[in-house]
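Inside the fold
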Amino acid sequence: MTAARSRGAERRAEIVRAALEVIAERGYRGASLGAVAERVGLSQQGLLHYFPTKDALLVAVLAERNQWDTGSAAREGWRLDLLASLVEYNAMRPGVVQTFSALLGESVTEDHPARDFFTRRYAQVRGEMAELLRAEFGDRLPGGLTPEEAAPLLTAVMDGLQYQWLLDPESVDMAGAFRAFLKLLGAR
């Protein structure tokens, strides 16, 4: 990689981090390219050199967050203990979880630029969770559900705990509640 390309990649990463912060503070609709540009010391026109639209920047933010969460699991495959570790890790970064949750909530509207991203992401996550559950339990979980039936429930528990924890972190032990859910599943 050339020095110029490397500097460009570093600048893009800096912009994505700043966008993540601004979106966490103001939500996607309240976040402006100007606010992101100001945070990284660029003009809005300078920011557009790296990301030609607000939607392009949003997709980069979501892809980066997704990469943080799936890192080694994407290469090695998910396991229940890795999911528990991810929940614990998320409890240490409320700003990132808040941004993801806010964008997810906003994305349910028809015209939201992140709708396609989340739709594809959830289809992928449900598939990965079904594979994980099949590897752990075989074709039936202890309660009789198939991995495909349980996968959306597992995903819902993870995301639902995030919302409860964000609203009342003193009362909701996200990591502890997820470990209790794994016991309920009958995980080893």
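Reading guide: rules and limits
Residues numbered from 1 in each chain as written. Predicted model: local features only at pLDDT ≥ 70, side-chain atom pairs only at ≥ 80, totals over all residues. Heavy atoms only, no water. Helix = DSSP H or I, 4+ residues; strand = E, 2+ residues; numbered from the N terminus. Expected span 1.5 Å × (residues − 1). Buried < 20%, exposed > 50% of the residue type's maximum accessible area, 1.4 Å probe, protein only. Arc of directions from axis to C-beta. Contact = heavy atoms within 4.5 Å. Core = buried A, V, L, I, M, F, W, Y, C linked by side-chain atoms within 4.5 Å. Salt bridge = Lys/Arg side-chain N within 4 Å of Asp/Glu carboxyl O. pLDDT = per-residue confidence, 0-100. 1 Å grid on protein atoms, 1.4 Å probe; cavity = no way out; pocket = protein on both sides within 12 Å on 5 of 7 lines; lining within 4 Å. Points joined across faces, edges and corners; volume = space filled by probe spheres on them. Nonpolar A, V, L, I, M, F, W, Y, C, P; charged D, E, K, R; others polar.

A short note on helix α9 (residues 174-185)
Between its first and last C-alpha atoms α9 spans 17 Å; for twelve residues at 1.5 Å apiece the expected length is 16 Å, and the two agree. Listing the buried residues of α9 in full gives Met174, Ala175, Phe178, Phe181, Leu182 and Leu185. The arc enclosing the buried residues of α9, seen along the axis, measures out at 115°, which places them on a common side. Facing away from the buried side of α9 by over 90 degrees, the exposed positions are Lys183 and Leu184. Contact partners of the buried residues in α9: α5 (80-90), α7 (115-137) and α8 (147-167). Just downstream of α9, Gly186 is the residue with a positive phi angle, here 90°.

Examining the nonpolar core
Judged by nonpolar contacts, the single largest core of 29 residues is most densely connected at Ile15, Val36, Leu57, Leu58, Leu62, Leu103 and Phe118. Ignoring anything within four residues of it in the chain, the contact list for Leu103 reads Ile23, Tyr28, Leu58, Leu62, His112 and Phe118. Ranked by size, the runner-up nonpolar core spans 28 residues in total, among them Ala84, Val87, Phe137 and Leu141.

Quick word on the pattern of salt bridges
Applying the stated criterion to the full structure yields eight salt bridges. Across the salt bridge formed by Glu110 and Arg115, the nearest N and O atoms sit 3.6 Å from each other. One salt bridge in this structure joins Arg134 and Glu148, with 2.8 Å as the shortest N-O distance. Taken together, the residues Arg134 in helix α7 and Glu148 in helix α8 connect sequence positions 14 residues apart. Glu148 sits in the partly exposed class, given a relative accessible area of 44%. Shared partners join several salt bridges into a network, and the residues in it are Glu21, Glu25 and Arg39.

Observations concerning the confidence of the model for the protein
Averaged over all residues, the pLDDT of the protein is 88; the fraction at 70 or higher stands at 94%. Across the protein, element-level confidence peaks in α8 with a mean pLDDT of 96 and bottoms out in helix α4 (residues 54-76) with 72.

Digging into empty space enclosed by the protein
Per the counting criterion, the structure on display carries two cavities of 30 Å³ or more. Volume-wise, the largest cavity comes out at about 60 Å³. As for the largest cavity, its lining consists of Ala19, Ile23, Tyr28, Ala31, Ser32, Leu33, Val36, Lys54, Leu57 and Leu58. When residues of the lining of the largest cavity are traced back to their parent elements, those giving at least two are α1 (3-30), α2 (33-39) and α4. Looking at the lining of the largest cavity residue by residue, the class counts come to eight nonpolar, one polar and one charged. Approximately 40 Å³ is the volume attributed to the second largest cavity. Forming the boundary of the second largest cavity are Val87, Asn90, Met158, Leu161, Gln162 and Met174. Of all elements in the fold, only α5 and α8 reach the threshold of two or more residues within the lining of the second largest cavity. When residues of the lining of the second largest cavity are assigned to their parent elements, the largest contribution, three residues, is made by α8. Tallied by class, residues from the lining of the second largest cavity come to four nonpolar, two polar and no charged.

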